[in-house]
Amino acid sequence: MANIVIMGAGIGGMPAAYEMREKLPKTHTVTVVSAVDYFQFVPSNPWIAVGWRKREEIILKVGPLLERKGIKFIPKAVSAIDAVGNSLTLADGEKLPYDYLVITTGPKLVFDEVPGAGPATAAGGGHTHSVCSVDHAEAFWADYQEFLKNPGPVVVGAMPGASCFGPAYEFVFILDADLRKRKLRDKVPMTYVTSEPYIGHLGLGGVGDSKSMLESELRGHDIKWITNAKTTKVEAGRMFVTQVDDLGKVYKEHEIPFKLSMMLPAFKGVDAVAAVPELCNPRGFVLIDEFQRSKKYRNIFSAGVCVAIPPVEVTPVPTGAPKTGYMIETMVTAIVHNIADELEGKPVTAKATWNAICLADMGDTGAAFVALPQIPPRNVNWFKKGKWVHLAKIGFEKYFMSKMKSGNSEPVYEKYVLKLLGIVRLANK
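How each quantity is defined
- Residues numbered from 1 in each chain as written.
- Predicted model: local features only at pLDDT ≥ 70, side-chain atom pairs only at ≥ 80, totals over all residues.
- Heavy atoms only, no water.
- Helix = DSSP H or I, 4+ residues; strand = E, 2+ residues; numbered from the N terminus.
- Buried < 20%, exposed > 50% of the residue type's maximum accessible area, 1.4 Å probe, protein only.
- Contact = heavy atoms within 4.5 Å.
- Salt bridge = Lys/Arg side-chain N within 4 Å of Asp/Glu carboxyl O.
- Pairing = 2+ DSSP bridges.

Caption draft 1: Local environment of the overall build of the protein chain. Counting secondary structure elements, the protein chain contains eleven helices and 24 strands. With the C-alpha coordinates of the protein chain rotated into their principal frame, the extents come out at 65 × 55 × 45 Å. Residues classed as buried in the protein chain amount to 58% of the 429 residues present. The contacts of the protein chain with a sequence gap of at least 6 include a subset with a gap of at least 24, amounting to 66%.

Structure (structure tokens):
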């Protein structure tokens, strides 16, 4: 009998648990360990931030859902990993042994790399918001309601080292749409500040016509932008940005006033994972082989934002490569098949499909892109926009949440998004 422990109960961890339980004989135990006792559908956080969703609509208490499927759940943070001794130390000091460990923790948000960035805390501090968690999105919503009484300039974007640019684009357009609905857009100058070398880079070197199409959308919505932007510090109501040229030399210094700001931070690996000797790269992301397995510890696997993927290209201001939901889903499936094969004494063979597929909401329209593979040159390099993407994103939210509630182990991105995009492409021929 083997003990398989999954760290994290997010978009990687929950599907991993469901697929693992479905694939493995009941003689093996599957346990999920998470610092929080709920699942959150992170792609909906921008809607939370403007009041288009409520918290209870995008979170689920995972204990009952997992236990109903015969999966153990421990709602405790992991304070340390003993990769040699094959055990976890939980926050209360409890030891949890494992035969196989699957790390799907997601990232650590490193606001402190830019002084003054990040949400304010009881200890003081930050002057910008985030939509990386439901708590952060709710904090924006709380400040936004006050902002609406006396609106002013807004800054949205991504800090140096950020790797997930889609939500920043989504949010600036969602915020624009909400302000227009409230007849307040004329009182809110908006600036998009990004570490990308150009609009539509997305951490992917661009996808199809993403540059021209997203530039057109920003112009059409009266949103100014600054690219190659190295945000150096944030003070109350002021953001300081050094804009560089394509050679990385200083082009212009900006001091941007704002009353409200949402800036996506750079990511690192979570502390307990990053601290394991030879498990991670210097940023704390897990180094894996082609089978999603640690290069150092053969019984540790990893999937999602917490794995190390090199940037698609070198950029004047550091940017990372995104890990989209479809990519994460294929990583999880590969891990499940590889652990199952190892338990049967077979060699591992399953590999993830590292393709980038995304549905991005833009308030009342949306953009979809497909990059197959993620790193150029590509077999498919496709970017489209339209009302259908907005509607498809809403539909996918409902579809994914229903999967989480039911414990369905089928791949949802492959079943929903790929079929949807295939229909759209046929319709456009």
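Alright, that's what it looks like, and here's the rest.
Caption draft 2: Structural context of the pattern of salt bridges. Evaluation of the coordinates by the stated rule reveals 27 salt bridges. Put simply, Glu-278 and Lys-296 hold a salt bridge, and the shortest N to O gap is 3.5 Å. Pair noted here: Glu-278 is in the loop between α8 (271-274) and β21 (300-302) and Lys-296 is in the loop between α8 and β21, with a separation of 18 residues, a long-range link. Judged by its relative accessible area of 40%, Lys-296 is partly exposed. Salt bridges here are not isolated pairs; linked through shared partners, they connect Asp-176, Arg-180, Arg-185 and Asp-222.

Caption draft 3: Representation of the side chain of Thr-231. With respect to the helices and strands, Thr-231 occurs in strand β16 (residues 229-235). For Thr-231, the residues in contact, after removing those within four places along its chain, are Val-114, Met-159, Pro-160, Val-193, Met-239, Phe-240, Val-241 and Met-263.

Caption draft 4: Structural view of the environment of Ile-74. As for its placement among the helices and strands, Ile-74 is situated in strand β5 (residues 72-74). For the pair Ile-74 and Ile-394, spaced 320 residues apart in sequence, the C-alpha to C-alpha distance is 31 Å. Those residues in contact with Ile-74, other than ones at most four positions away along the chain, are Thr-31, Val-32, Val-33, Ser-34, Leu-90 and Leu-96.

Caption draft 5: Quick look at the environment of Val-32. Tracing the chain through its elements places Val-32 in strand β2 (residues 29-33). On a C-alpha basis, the gap between Val-32 and Ala-9 in space is 6.9 Å, while along the polypeptide they are 23 residues apart. Among residues more than four places away in sequence, those in contact with Val-32 are Ile-6, Gly-8, Ala-9, Ala-17, Leu-66, Ile-71, Lys-72, Phe-73 and Ile-74.

Caption draft 6: Quick look at the pairing of strand β7 (residues 87-90). Going residue by residue along β7, you find Ser-87 and Thr-89 tucked away on one face and Leu-88 and Leu-90 tucked away on the opposite face as well. With three bridges connecting them, β7 and strand β8 (residues 95-97) associate as antiparallel partners. Across the sheet, the residue bridging to Leu-88 is Leu-96, located in β8. Once β7 ends, the chain turns through four residues before running back antiparallel as β8, passing Gly-93 with a positive phi of about 95°.

Scope: geometric values only; no functional claims are made or implied.
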